[in-house]
Amino acid sequence: MSDSEMPVSSNGPIQNTEEVIQDDSETDNMETQDVAVQDLTPLPIGAPLAAPAPAPTPALSPACTPAAAPVRRLKRQYSNKKETMNGPLYMQASNNAVIVRRLKREGNSPLKQLTRWFVENQIGLSFNLLALLFLAHGMPKARAHTAKYFTLSYYNPANGKYGLGFDDAHLILFCVVLFTGLRAATMEYVLAPFAKHWGMAKRKDITRFSEQAWLLIYYTVFWSLGLYIYCNSTYFLNLAEIWADWPNREISGIMKGYMLAQLAFWLQQVLVINIEERRKDHWQMFTHHIITICLIYGSYRYSHTRVGNVILVVMDVVDIFLPFAKCLKYLGFTTLCDVMFGVFMVSWVAARHVLYMIVCYSVWAHIPVYLPVGCFTGPSATLKASGPFDPPPNKRFLYILEPLWSSEGLICFNPTVTWVFLSMLLALQALTIMWFSLIVRVAIKVLRGDGAEDSRSDDEGDELEDDEEEFVYEEAPPLEQDVGIDEIDLKNWERRAGVKRPATAATGVSLPGHSDRKEFLGRIGCEKHVD
């Protein structure tokens, strides 16, 4: 491939490719390094092979100093910022020695490659899946199956409420794919350009701002929806009413959509924290998400959507102020960030350590008073009339799990079930206490005048400076090809190399072209004997 045909990368997301640029003018931002260069300066034909006449060697730049032949990997820091959020890779070459630059990766296992591919293609993958779904919905025979993915199932026209069952999984899957595509598209095409418009240049800051702004949008929408449901309910400011009318396996449409969408969001968050760059608090966040998913799903299947709604409203309000404070920090509004961080701390204490514990107290104190102890079974119409009765002894502890997959099976409540729910709620409280200790440290820094800086969600590998990335440089291996002697075009080589054949007196018998090929092969280092 000629110099003009060497590929040059364009701005775009980082791909798992290596490109070469033969333009020496682009080496200004790169540190010099040693590269193996072989002197292939042609010598006049007829010169003695044992002691070839030395040809004038051009002065080499530091980047072209001779070095060992094996491929070497050198670590450099490169700080130029790219146009796009993810940033392209730029490679370089110097003179005859080609240098390949690539982003250093922690690992290149098949799983790593798969997650990288998913992150880079999540927008197209998500919306293509949704497009295929709606395209299939256009076929009359498929509508009975495809409608389950974007409509609420188990509608009861007699009372206008909805039951629950396995078909709810279709809507949950639809919401997971939708949230994945919306999050990636909003971050890439709305939030990242907005951050650049405000003068944000570091790729890390643009990514963090986009993530926090997306969370701000989500929690603002769903906290408002949850608060609307709570304010228009019979249990508004009445904890005892939370436990009334149990068991009841039918709920309103807005409550069902709210609970399933929240469940889908947290499932999608588990996916996000495992395919994107891990943060320092990865396992704490993973544990938090798993407990939250269990509580939401358990409250939905156990017909405790009322207490689920109250807990979500109490917890989500805090997640509005924290992303808002972080967005202000990234935009440069330091004073407003510190003020919003103070509001966040007050809301955290009030919501997650006061109101949340009041709900936990209600679980411990009000359930024995207002909930019947025992088991019920059957559809919603005959559920209350079927019990209460003692759990079947042959099922042991499996009766606790049966409501999680059976819509008409056993649903029981007793002290054992109460403590299962209460233990998960208290485990969630233990995580919030641990995080609150980190928040107090940030608050102390604010009081000292250092500004609010939340480091608990930084990358695990943030030892490098914010504006630096770690690269590996490699010398590209030479391209080799075995060819026969007869395939070498000696005349063409002489013409391109500018070799002038000296006039020599021929002695003896000479075969046409034979000595020329032999001499040429010797000069290029070929040791194959030619008769």
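Parameters at a glance
- Residues numbered from 1 in each chain as written.
- Predicted model: local features only at pLDDT ≥ 70, side-chain atom pairs only at ≥ 80, totals over all residues.
- Heavy atoms only, no water.
- Helix = DSSP H or I, 4+ residues; strand = E, 2+ residues; numbered from the N terminus.
- Buried < 20%, exposed > 50% of the residue type's maximum accessible area, 1.4 Å probe, protein only.
- Contact = heavy atoms within 4.5 Å.
- Areas by Shrake-Rupley, 256 points an atom, 1.4 Å probe, with all protein chains shown as cover.
- Salt bridge = Lys/Arg side-chain N within 4 Å of Asp/Glu carboxyl O.
- pLDDT = per-residue confidence, 0-100.
- Axes fitted to C-alpha atoms, helices over the stretch in contact; angles between N-to-C directions.
- Parallel < 35°, antiparallel > 145°, perpendicular 65-115°, else oblique.
- Left-handed = near helix turned anticlockwise from the far one by under 90°.
- Patch = residues over 30% accessible without salt bridge, like charges linked within 9 Å, V, L, I, M, F, W, Y side chains within 5 Å.
- Disulfide = S-S within 2.5 Å.
- Nonpolar A, V, L, I, M, F, W, Y, C, P; charged D, E, K, R; others polar.
- Core = buried A, V, L, I, M, F, W, Y, C linked by side-chain atoms within 4.5 Å.
- UniProt positions renumbered as here; feature names shortened; annotations may be inferred.
- Polar contact = N/O pair within 3.5 Å; in protein donor to acceptor, adjacent residues only side chain to side chain.

K.L.:
Outline the overall build of the protein chain, listing residues and values.
P.N.:
What the protein chain contains, in helices and strands, is 13 helices and eight strands. For the protein chain, the proportion of its 531 residues judged to be buried stands at 42%. Partitioning the intrachain contacts of the protein chain with sequence separation of at least 6 by distance along the chain shows that 77% fall at a separation of at least 24. Summed over all atoms, the accessible surface of the protein chain reaches about 29,500 Å², with 61% contributed by carbon and sulfur.

K.L.:
So what's going on with the pattern of salt bridges? Which residues, and what values?
P.N.:
In the structure shown here, the tally under the stated rule is eight salt bridges. With its nearest N and O atoms 2.9 Å apart, the salt bridge here joins D168 to K256. Placement of D168 in helix α3 (residues 168-197) and of K256 in helix α5 (residues 253-275) is noted, with a sequence separation of 88 residues between them. The same class applies to D168 and to K256, which are both buried. E241 is the salt-bridge partner of R306, the closest N and O atoms lying 4.0 Å from each other. Placement of R306 in helix α7 (residues 305-316) and of E241 in the loop between α4 (203-231) and α5 is noted, with a sequence separation of 65 residues between them. E241 sits in the partly exposed class, given a relative accessible area of 25%.

K.L.:
Describe the confidence of the model for the protein chain, and please don't skip the residues or the numbers.
P.N.:
This prediction gives the protein chain a mean pLDDT of 77; 64% of its residues lie at or above 70. Predicted confidence for residues 1-94 stays below pLDDT 50, and this span has 190 contacts to residues more than four positions away or in other chains. Under a pLDDT of 50 for its full length, residues 460-468 has, in the predicted model, 18 contacts with residues more than four places off or in other chains.

K.L.:
If you had to explain the environment of S380 to someone new, which residues and values would you point to?
P.N.:
Structurally, the position occupied by S380 is in the loop between β6 (374-376) and α10 (398-401). Distance in space between the C-alpha atoms of S380 and S407 is 9.0 Å, their sequence separation being 27 residues.

K.L.:
How would you explain the packing of α4 against helix α8 (residues 318-331) if you had to name every residue and give the values?
P.N.:
Interaxial distance between α4 and α8 falls to 8 Å at its minimum, and their mutual angle equals 150°. One element, α4, and the other, α8, form an angle in the roughly antiparallel class. Like other packed secondary-structure pairs, α4 and α8 cross with a definite hand, here left-handed. Taken together, the residues of α8 that come into contact with α4 (itself represented by D205, R208, F209, Q212, A213, L215, L216, Y219, T220 and W223) are D319, I320, P323, F324, K326, C327, Y330 and L331.

K.L.:
Which residues make up a nonpolar patch on the surface, and what values go with them?
P.N.:
Among the surface-exposed residues, F194, W198, F333 and L336 lie close enough to one another that they form a single nonpolar patch of about 390 Å² accessible area. Given the relative accessible area of 32%, F333 is considered partly exposed.

K.L.:
Describe the state of the cysteines, and please don't skip the residues or the numbers.
P.N.:
Under the defined criterion, the tally for this structure stands at one disulfide. With a sulfur-sulfur separation of 1.9 Å, C375 is cross-linked through a disulfide to C412. On the sign convention where negative is left-handed, the bridge of C375 and C412, at about 110° about the S-S bond, is right-handed. Here C375, found in strand β6, pairs with C412, found in strand β7 (residues 411-413); they are 37 residues apart in sequence, far enough to count as distant. Free of any disulfide, C337 has its nearest neighbouring cysteine sulfur in C327, separated by 9.8 Å.

K.L.:
Talk me through the packing of helix α6 (residues 282-301) against helix α11 (residues 415-447); I want residue IDs and the actual numbers.
P.N.:
For the pair α6 and α11, the least separation of the axes is 10 Å and the interaxial angle reads 150°. Compared by their axis directions, α6 and α11 come out roughly antiparallel. Crossing angle aside, the handedness with which α6 passes α11 is left-handed. Contacts from Q284, M285, T287, H288, I291, T292, C294, L295, G298 and S299 in α6 reach F421, M424, L425, A427, L428, L431, M434 and W435 in α11. When its residues are assigned to classes, the contact of α6 with α11 shows 12 nonpolar, six polar and no charged.

K.L.:
How would you summarise the nonpolar core if you had to cite specific residues and measurements?
P.N.:
Ranked by size, the top nonpolar core spans 90 residues in total, and within it Y258, F265, F344, Y356 and F413 carry the most contacts. Other than its neighbours up to four places away in sequence, Y258 contacts F222, L225, G226, I229, N309, L312, V313 and D316.

K.L.:
Pulling in residues and values, what's your account of the UniProt feature "transmembrane region" (unreviewed entry) in the protein chain?
P.N.:
In the numbering used here, UniProt assigns the "transmembrane region" (unreviewed entry) feature to residues 114-136, 171-192, 213-237, 257-275, 307-324, 330-349, 354-373 and 419-440. End C-alpha to end C-alpha, residues 114-136 measures 27 Å, and it is 100% helix and 0% strand. Secondary structure across residues 330-349 divides into 90% helix and 0% strand, with the first and last C-alpha atoms of the span separated by 25 Å.

K.L.:
Give me the side chain of Q122: which residues, what numbers.
P.N.:
Mapped onto the fold, Q122 is located in helix α1 (residues 110-137). Its relative accessible area of 7% is what places Q122 among the buried residues. Separated by 3.2 Å, the side chain of Q122 and the backbone oxygen of V119 make a polar contact. Residues within four places of Q122 in sequence aside, it is in contact with T180, A184 and E276.

K.L.:
Account for unusual backbone geometry, with residues named and values stated.
P.N.:
Geometrically, the link from W246 to P247 is a cis peptide bond, its omega value of 0° lying close to zero. By secondary structure assignment, the location of P247 is in the loop between α4 and α5. In the segment running from G387 into P388, the intervening peptide bond is cis, with an omega of 5°. Tracing the backbone shows P388 in the loop between β6 and α10. Positive phi outside glycine occurs at Y154, with the angle close to 65°. If you trace the backbone, Y154 turns up in the loop between α2 (143-146) and β4 (155-156). Residues other than glycine seldom take positive phi values, yet D245 does so here, at roughly 60°. In this fold, D245 is placed in the loop between α4 and α5.

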